[in-house]
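A closer look at the structure
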Amino acid sequence: MKIVSLSYDNWEKYRRPLIRFSKRYDKSPRQSVYSWIFQLKKHHIEDAGTSIKIALWEGKIIACSVVSHYGSKLSSMLISPKYKQTHLLANLTEATLQDLGVLYRRIRYNDEAGIKMALQAGLVCFSYLEDRDGKVYLWFGGGHWHSDDISEKEA
């Protein structure tokens, strides 16, 4: 397995395969990774707090991690169902955290696999949020995180 960080230089090489992968596996009605990647311009990849990582196996994308604004606006991961029982998502999270220095993830309170992955990657749960729909989410932070980064944006 190989983890590749998408940058200004290799964006064109991986853009179409990443769009196809995200269209196939993105089932989130709230924050669509597919639409975010589809609208992303090449120069926005270099913005502070933006990170896109893909995991390749035999030349095919098997997972991706997409982070915008250090995870406070968008922090999502997609994985092929065949590889769900691996530590791949934790590895992608650790690699993203190393690149950005700080990372936030919002995970639904009853998503046991997501919470386990966040804890394995070294993230810490520091707050919770009740959405407009009444769904409860937990905020996780890693690296040089601070709870005020999230609390101020939600107020």
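Residues numbered from 1 in each chain as written. Predicted model: local features only at pLDDT ≥ 70, side-chain atom pairs only at ≥ 80, totals over all residues. Heavy atoms only, no water.

With that settled, the discussion passes to the sheet that holds strand 3 (residues 60-68). Read from one edge to the other, the open sheet built from four strands follows the order 1-2-3-4, with strand pairing classed as antiparallel. Edge positions in the open sheet fall to strand 1 (2-5) and strand 4 (74-79), since each of these has one partner strand only. Taken pair by pair, the neighbouring strands of this sheet meet at an average axis angle of 15 degrees, ignoring direction. Contacts from helix 1 (residues 11-25) reach strand 1, strand 2 (51-57), strand 3 and strand 4 within the one sheet, and its direction differs from that of strand 3 by about 95 degrees. (Pairing = 2+ DSSP bridges. Helix = DSSP H or I, 4+ residues; strand = E, 2+ residues; numbered from the N terminus. Axes fitted to C-alpha atoms, helices over the stretch in contact; angles between N-to-C directions. Contact = heavy atoms within 4.5 Å.)

Turning our attention to the pattern of salt bridges. A full pass over the atoms with the stated rule returns one salt bridge. One salt bridge in this structure joins Lys-53 and Asp-99, with 2.2 Å as the shortest N-O distance. Remark: Asp-99 occurs in helix 3 (residues 88-100) and Lys-53 occurs in strand 2; sequence separation between them is 46 residues. (Salt bridge = Lys/Arg side-chain N within 4 Å of Asp/Glu carboxyl O.)

A few words on the sheet that holds strand 7 (residues 136-143). Taken in spatial order, the three strands line up as 5-7-6 in an open sheet, and their pairing is antiparallel. Each edge of the open sheet is held by one strand with a lone partner, namely strand 5 (102-108) and strand 6 (124-130). Going from strand to strand, the sheet's axes swing by 25 degrees on average, the running direction of each strand aside. As paired strands, strand 6 and strand 7 are joined by six bridges and run antiparallel to one another.

Attention shifts here to helix 1. Owing to its 3.6 residues per turn, the α-helix brings residues three or four apart onto one side. For helix 1, which comprises 15 residues, the first-to-last C-alpha distance of 20 Å matches the rise-based estimate of 21 Å (1.5 Å per residue) to within 8%. Of all the bends in helix 1, the largest measures some 25 degrees and sits at Pro-17. Among all positions in helix 1, only Trp-11, Tyr-14, Arg-15, Leu-18, Ile-19, Phe-21, Ser-22 and Tyr-25 are buried. Those residues of helix 1 that are buried are in contact with strand 1, helix 2 (33-39), strand 2, strand 3 and strand 4. (Expected span 1.5 Å × (residues − 1). Bend = angle between axes of the 7 residues up to and from the residue. Buried < 20%, exposed > 50% of the residue type's maximum accessible area, 1.4 Å probe, protein only.)

Keep in mind that these numbers describe shape and distance, not what the molecule does.
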